[in-house]
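# Close look at the chain arrangement
What follows is each chain in one-letter form.
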Amino acid sequence: MLAVIGGSGLAGLGQMKVIRREIARTPFGEPSGPLIFGQMNDAPVLFLARHGPGHILAPHRINYRANVWALRQAGATDILAVAAVGGIAGNAGPGVIAAPDQIIDYTYGREHTFCDGSDRTVVHVDFTQPYSDTLRAAILNAATAAGESIVAAGVYGATQGPRLETAAEITRMARDGATLVGMTGMPEAALARELSLRYAHLCVVSNWAAGCGNSTTAISHDAIDSTLDESIGRVQNIIATLAGSFRVAS
Ligand code: HPA
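Quick look at the structure, then. These numbers were taken from a predicted model, which means no experiment stands behind them.

Along the backbone of the protein chain there are five helices and ten strands. In terms of overall dimensions, the protein chain is globule-like: its C-alpha atoms have a radius of gyration of 17 Å, near the 18 Å expected for 250 residues. Taken along its principal axes, the extent of the C-alpha atoms in the protein chain is 50 × 45 × 35 Å. Each of the 250 residues in the protein chain was classed as buried or not, and the buried ones make up 53%. Counting only contacts in the protein chain whose residues sit at least 6 apart along the sequence, the fraction spanning at least 24 positions is 79%. Working note: accessible area of the protein chain is about 10900 Å², and carbon and sulfur atoms make up 51% of it. Taking the average location of the 18 positive side-chain charges in the protein chain and that of its 21 negative ones, the two points are 4 Å from each other.

Have a look at this one:
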C-alpha cells in the first residue's frame with residue numbers, strides 16, 4: 001500500500017476518498033497526527049501530515065520514528081514523501097517539481113535510527129542509494145502519464161531549520177553538490193530504509209534558496225506561499241496517477 005507523507009502546502013489529498021482516521025501508537029511515541037486511510041484512483045492510500053494538524057511541528061520536533069513506524073504498522077510498503085524545498089541548482093526554480101536521487105544530511109540531534117543499541121542491536125543499514133529506484137521510476141512514470149513535467153534527478157540537502165539558510169551556507173551546499181534544500185528529508189528516508197520500506201521524495205520548489213535567483217537579499221514568505229498554492233495541484237495530479245499504479249489487480 002502507498003503511504004503519502006504530506007509536507008508544507010500538502011495538508012491532505014484532494015482526490016482521496018477518506019474512509020477512516022486512526023490515532024496510532026508506536027514503541028517510539030505518537031506520530032505527527034492521525035493516519036488517514038482512504039481510496040484514490042481505485043487504490044488504497046494512507047496519508048499522514050508530517051507537521052501535524054494545523055502545521056504545528058517544527059522540522060526538528062517531528063517524531064520521524066513514530067511516523068515511519070506507524071505507516072509500516074498500518075500496512076504501508078511504499079512511502080511517497082512530499083516536501084517543499086528551496087532550489088539551489090539552475091534547473092530548480094520556483095514551481096519546479098523534482099524527484100531527487102541523492103541526499104546529503106546536515107541535520108543533527110534528531111532520533112535517526114530504530115536500532116540505537118538500547119533494546120535492538122545496532123544496524124548499519126546500506127544507504128548508498130537512499131531512495132527506492134522502483135518507487136522513483138513509478139513517480140517519473142506517473143508524472144509523464146499525468147502530463148506534468150518533473151526534474152528526474154537531484155541532490156536533496158537536509159538542513160536542521162527551522163530557520164532558512166544563510167547565503168554562505170547555500171554556497172557551501174552547492175559546492176557539496178546539493179541542488180535542493182529542505183528540512184525534513186532526514187532522518188525520514190533512513191528510517192524508512194531501516195524498515196525496508198520503499199521511499200522516495202516528490203519535491204516542489206517553493207523558492208530560490210538563500211543567495212540564489214531572486215533570493216539574493218531575502219526570501220519572501222508570501223512568494224513561498226503563492227508558489228506552493230500554484231504548484232500543489234500538479235503535485236496532487238502526480239500523486240493520484242501514482243496511486244492508480246498501486247491498484248490491486250482483480
Ligand atoms: N530552505 C530549507 N527548506 C526549505 C526552503 C529553503 O529555502 N524552502 C522550502 N523549504
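Moving on, we get to the pattern of salt bridges. A complete count under the given rule lists six salt bridges for this structure. Among the salt bridges present, the one from E111 reaches R65, with a minimum N-O distance of 3.8 Å. Taken together, the residues E111 in the loop between strand 7 (102-105) and helix 2 (133-146) and R65 in helix 1 (residues 64-73) connect sequence positions 46 residues apart. In this structure, E169 engages R163 in a salt bridge whose closest nitrogen and oxygen atoms are separated by 2.9 Å.

This next bit is on the side chain of T107. With respect to the helices, strands and loops of the structure, T107 is situated in the loop between strand 7 and helix 2. On the basis of relative accessibility, which here comes to 16%, the residue T107 falls in the buried class. Here the side chain of T107 touches D105 through a polar contact of 2.7 Å, side chain to side chain. In this view, T107 contacts A158, T159, Q160 and M186; residues no more than four positions away in its chain are not counted.

Moving on: the site of the ligand. A84, V85, G86, L164, E165, V181, G182, M183, S206 and N207 make up every residue found near the ligand. Within the backbone of A84, one N or O atom sits 3.3 Å away from a nitrogen atom of the ligand. Take E165: an N or O atom from its side chain is 2.7 Å from a nitrogen atom of the ligand. If you map the ligand onto the pockets, it falls in the largest pocket. When residues of the shell around the ligand are traced back to their parent elements, those giving at least two are strand 5 (78-87), strand 9 (180-182) and strand 10 (198-208). Sort the elements by how many residues they give to the shell around the ligand and strand 5 lands first, with three residues. Tallied by class, the residues present in the shell around the ligand amount to five nonpolar, four polar and one charged.

Here the focus is the side chain of S32. Position of S32 among the secondary structure elements: in the loop between strand 2 (17-22) and strand 3 (35-40). Here the side chain of S32 touches R50 through a polar contact of 2.6 Å, landing on its backbone oxygen. With residues near it in sequence (within four places) discarded, S32 still touches A49, R50, G52, P53, L57, I62 and N67.

Once that is clear, we can look at the layout of surface pockets. Taken as a whole, the largest pocket spans an internal volume of roughly 600 Å³. Contributing to the lining of the largest pocket are 33 residues, with S8, A84, L164, M183 and I224 lying nearest its centre. Residue assignment for the lining of the largest pocket shows that the elements contributing at least two residues are strand 5, strand 9, strand 10 and helix 5 (221-244). When residues of the lining of the largest pocket are assigned to their parent elements, the largest contribution, six residues, is made by helix 5.

What follows is about the state of the cysteines. Here a disulfide denotes one covalent bond, and it connects the sulfur atoms of two cysteines. A full pass over the atoms with the stated rule returns zero disulfides. C203 carries a free sulfur, and the closest cysteine sulfur to it, the one in C212, is 16 Å from it. Here C203 falls in the buried class, since its relative accessible area comes to 0%. Assessed through its relative accessible area of 14%, C212 is described here as buried.

Moving on, we get to the packing of aromatic side chains. Across all of its chains, the model carries four aromatic pairs by this definition. Each residue in the set F28, W69 and F114 is aromatic and connected to the rest through ring pairs, giving one cluster. For the cation-ring pair, R72 lies above W69, with the distance from its terminal atom to the ring centre recorded as 5.1 Å.

Rules used in this analysis
- Residues numbered from 1 in each chain as written.
- Predicted model: local features only at pLDDT ≥ 70, side-chain atom pairs only at ≥ 80, totals over all residues.
- Heavy atoms only, no water.
- Helix = DSSP H or I, 4+ residues; strand = E, 2+ residues; numbered from the N terminus.
- Rg over C-alpha atoms; globule rule 2.2 N^0.38 Å.
- Buried < 20%, exposed > 50% of the residue type's maximum accessible area, 1.4 Å probe, protein only.
- Contact = heavy atoms within 4.5 Å.
- Areas by Shrake-Rupley, 256 points an atom, 1.4 Å probe, with all protein chains shown as cover.
- Lys, Arg positive; Asp, Glu negative; His and termini not counted.
- Charge placed at Lys NZ, Arg CZ, Asp CG, Glu CD.
- Salt bridge = Lys/Arg side-chain N within 4 Å of Asp/Glu carboxyl O.
- Polar contact = N/O pair within 3.5 Å; in protein donor to acceptor, adjacent residues only side chain to side chain.
- Near = heavy atom within 4 Å.
- 1 Å grid on protein atoms, 1.4 Å probe; cavity = no way out; pocket = protein on both sides within 12 Å on 5 of 7 lines; lining within 4 Å.
- Sits in = over half its atoms within 2 Å of the grid points.
- Nonpolar A, V, L, I, M, F, W, Y, C, P; charged D, E, K, R; others polar.
- Points joined across faces, edges and corners; volume = space filled by probe spheres on them.
- Disulfide = S-S within 2.5 Å.
- Phe/Tyr/Trp six-rings, centres within 6.5 Å; stacked < 30°, edge-to-face > 60°.
- Lys NZ or Arg CZ within 6 Å of the ring centre and 35° of its normal.

In short, the description is geometric, and any link to function would need to be established separately.
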